[in-house]
Amino acid sequence: MSDEPAPYLAVGPRVGLRPFSLADAEEFTARARESRELHRPWLFPPCTAEAYAAYAAALIADPARAGFLVRERADDGIAGFVNINNIVRGAFRSGALGYGAFAHAAGRGLLTEALGLVLEHAFGPLELHRLEANIQPGNTASRALVRRAGFRLEGFSPAMLHIDGAWRDHERWAITASD
């Protein structure tokens, strides 16, 4: 597991994607703490160095996960993150997205640009066919993000995921490589 940041995996006009590294702990956790009000009740990114180390280690070591830090190219600062979880190979070639913008970057289109880069990477080098995003119905910003990226609403699942101490309903959104 690397302590040094890797070069960008993909770049757009304003953002670049990098894999997670242990060296990003201080900045990531500071941004997560600053963004608690924005993220709650939808998202709980690690806010301590210890929690970040475990989170990043799992993203780095687990072949069923791919984690990307969204970095604003103007200052190379962390603007957010996009993770592909539960990657299944074989005939399915699918993964589930998790993502978040940090408060200083929210509403500026940076995560929209980053999600486009992640889709290109997922459907290109990662050779996935399908990505899913499971979103709580009240999370209008997240629903708007995937809609802009071309995801389609496929269904509704009551009590799908255990988040913040309760089973939460989710909408299932998806996109395939041919979309």
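Scroll up a little and you will see the structure.
Residues numbered from 1 in each chain as written. Predicted model: local features only at pLDDT ≥ 70, side-chain atom pairs only at ≥ 80, totals over all residues. Heavy atoms only, no water.

## Some points on the sheet that holds strand β1 (residues 10-11)
Okay, step 1: Ordered by their spatial adjacency, 8 strands build an open sheet running β1-β2-β3-β4-β5-β6-β8-β7, and the pairing between neighbours is mixed. Each end of this open sheet is capped by a strand with a single partner; those strands are β1 and β7 (152-163).
Okay, step 2: Both strand β4 (residues 77-88) and strand β5 (residues 94-101) contribute to a ladder of 7 bridges, which runs antiparallel. When the bridges of β5 are listed, V88 appears paired with S94. (Pairing = 2+ DSSP bridges. Helix = DSSP H or I, 4+ residues; strand = E, 2+ residues; numbered from the N terminus.)

## Quick notes on the environment of A51
Okay, step 1: With respect to the helices and strands, the residue A51 is situated in helix α3 (residues 49-61).
Okay, step 2: For A51, a relative accessible area of 33% translates into the label partly exposed.
Okay, step 3: Measuring from C-alpha to C-alpha, the distance between A51 and A25 comes to 9.2 Å, with 26 residues separating the pair along the chain. (Buried < 20%, exposed > 50% of the residue type's maximum accessible area, 1.4 Å probe, protein only.)

## A closer look at the pattern of salt bridges
Okay, step 1: One pass over the structure, following the stated rule, counts 12 salt bridges.
Okay, step 2: A salt bridge links R31 to E34; its shortest N-O distance comes to 3.1 Å. Highlighted residues: R31 and E34, both in helix α1 (residues 25-34), separated by 3 residues, approximately one helical turn.
Okay, step 3: A relative accessible area of 51% places E34 in the exposed class.
Okay, step 4: For E154, the salt bridge is made with R130, and the minimal N-O distance between the two is 2.4 Å. Note that E154 is positioned in strand β7 and R130 in strand β6 (residues 130-135), a separation of 24 residues in sequence.
Okay, step 5: Counted as one network, the salt bridges with shared partners bring together R18, D24, E27, R71 and D76. (Salt bridge = Lys/Arg side-chain N within 4 Å of Asp/Glu carboxyl O.)

## A word on the layout of surface pockets
Okay, step 1: Its volume calculated, the largest pocket comes out at about 1,100 Å³.
Okay, step 2: Residue lining of the largest pocket: 44 residues in total, with L43, Y99, G100, N139 and S142 positioned closest to the centre.
Okay, step 3: Mapped by element, the contributors of at least two residues to the lining of the largest pocket are α2 (36-39), β4, β5, α4 (110-123), β6, α5 (140-148) and β7.
Okay, step 4: Here the residues of the lining of the largest pocket sort into 24 nonpolar, 17 polar and 3 charged. (1 Å grid on protein atoms, 1.4 Å probe; cavity = no way out; pocket = protein on both sides within 12 Å on 5 of 7 lines; lining within 4 Å. Points joined across faces, edges and corners; volume = space filled by probe spheres on them. Nonpolar A, V, L, I, M, F, W, Y, C, P; charged D, E, K, R; others polar.)

## Here's the deal with the packing of α1 against α3
Okay, step 1: Where α1 contacts α3, the two axes come as close as 9 Å, and the packing angle between them is 110 degrees. When the interaxial angle is binned, α1 and α3 end up roughly perpendicular. Considering only the axes of α1 and α3, their crossing is right-handed. Facing α1, whose interface residues are A25, F28 and T29, α3 presents A49, Y52 and Y55. (Axes fitted to C-alpha atoms, helices over the stretch in contact; angles between N-to-C directions. Parallel < 35°, antiparallel > 145°, perpendicular 65-115°, else oblique. Left-handed = near helix turned anticlockwise from the far one by under 90°. Contact = heavy atoms within 4.5 Å.)

## Digging into the side chain of H121
Okay, step 1: Structurally, the position occupied by H121 is in helix α4.
Okay, step 2: When neighbours within four sequence positions are excluded, H121 is seen to be in contact with F68 and L126.

## Things to note about the pairing of strand β3 (residues 66-72)
Okay, step 1: Among the 7 residues of β3, 7 are classified as buried, and the element is accordingly described as predominantly covered.
Okay, step 2: Because side chains alternate across β3, one face comprises the buried residues A66, F68, V70 and E72, and the other comprises G67, L69 and R71, equally buried.
Okay, step 3: Of the pairings in the sheet, the one linking strand β2 (residues 15-19) to β3 comprises 5 bridges and is antiparallel in character. Opposite L17, over in β3, you have V70 as the bridge partner.
Okay, step 4: Two strands pair when backbone bridges link them, and β3 and β4 are joined in this way by 7 bridges, in the antiparallel orientation. Pairing of A66 across the sheet is with I84, part of β4.

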